[in-house]
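Structure assessment
So you can see what is in the structure, the chains are spelled out below.
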Amino acid sequence: FGENSISFGGVVVLEVVAEPEVPVDEYTHIKTAEEWYTLITLNPAGKYKLDNDIDLAGGWLVKDGAPYATETFTGILDGNGYTVKNAWLSGGWNNGLFRYQAGTVKNIAFINMHSTNVVFETALFAFNSGTIENVYLDMIIYPATQQGGSGAGTLVGGAEANCLIKNCVVNVRKSAAD
């Protein structure tokens, strides 16, 4: 027997070598615009990680004409350093990608986002009670004469006292033409 075995009353106990654990990826990976729309809408409590930039090619950021992708998002959306780009966000009161963001959104950029009928609390996230960290937002508001409220066209329209918004950058501008 090997030099790391031990004998107790004639019973030989061999050395047990533990194999290193392989980490289990708990995330559902999003690679396409179709997966973006379907997965987040159907399971807003899921854990998602982007594996590519998601180009919505001028489509609506929301699903099937609803003013938001999901009423309440309680999951995790890790952009993994990728972007969601070229989309339209529904305007109007309390509309955004998620009406209520109560989960975690991190490490993602939303580039070339467009919105019309921007009023107070038309934002990427209409209300936030969760964590938004390392997020970049580039939004263009239409028409150029739009007079939005104080939260219009921003990252968050309204925030709860227990939310965390950290290391975020917002670039909002009015369109050059209507």
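Note that this is a predicted model, so its numbers are computed, not measured.

Conventions used here
- Residues numbered from 1 in each chain as written.
- Predicted model: local features only at pLDDT ≥ 70, side-chain atom pairs only at ≥ 80, totals over all residues.
- Heavy atoms only, no water.
- Phe/Tyr/Trp six-rings, centres within 6.5 Å; stacked < 30°, edge-to-face > 60°.
- Helix = DSSP H or I, 4+ residues; strand = E, 2+ residues; numbered from the N terminus.
- Buried < 20%, exposed > 50% of the residue type's maximum accessible area, 1.4 Å probe, protein only.
- Pairing = 2+ DSSP bridges.
- Axes fitted to C-alpha atoms, helices over the stretch in contact; angles between N-to-C directions.
- Contact = heavy atoms within 4.5 Å.

1. Section: the packing of aromatic side chains
- Evaluation of the coordinates by the stated rule reveals 3 aromatic pairs.
- When the ring of Phe73 is compared with that of Phe98, the centres are 4.4 Å apart and the planes differ by 5 degrees; the resulting orientation is stacked. On the criterion of sequence distance, the pair formed by Phe73 in strand β6 (residues 70-73) and Phe98 in strand β9 (residues 98-101) is long-range, its members being 25 residues apart. For the pair formed by Phe73 and Phe98, the shared burial category is buried.

2. Concerning the sheet that holds β9
- One open sheet accounts for 4 strands, arranged β6-β9-β11-β13; its pairing is parallel. The open sheet is flanked by β6 and β13 (154-159), the only strands paired with a single partner. Taking each pair of neighbouring strands and ignoring which way they run, the sheet shows an average axis angle of 25 degrees.
- Bridging between β9 and strand β11 (residues 123-128) involves 3 bridges; their strand directions are parallel. When the sheet's bridge partners are listed, Phe98 is paired in β11 with Phe125.

3. Focus on the environment of Met139
- Looking at the element boundaries, Met139 is found in strand β12 (residues 131-141).
- Given the relative accessible area of 0%, Met139 is considered buried.

4. Let's talk about the environment of Lys49
- You can see Lys49 is positioned in strand β4 (residues 47-50).
- Lys49 sits in the buried class, given a relative accessible area of 18%.
- Note: C-alpha distance between Lys49 and Gly79 (30 residues apart in sequence) is 5.7 Å.
- Excluding residues within four positions of it along the chain, Lys49 makes contact with Tyr27, Thr28, His29, Ile30, Asp78 and Asn80.

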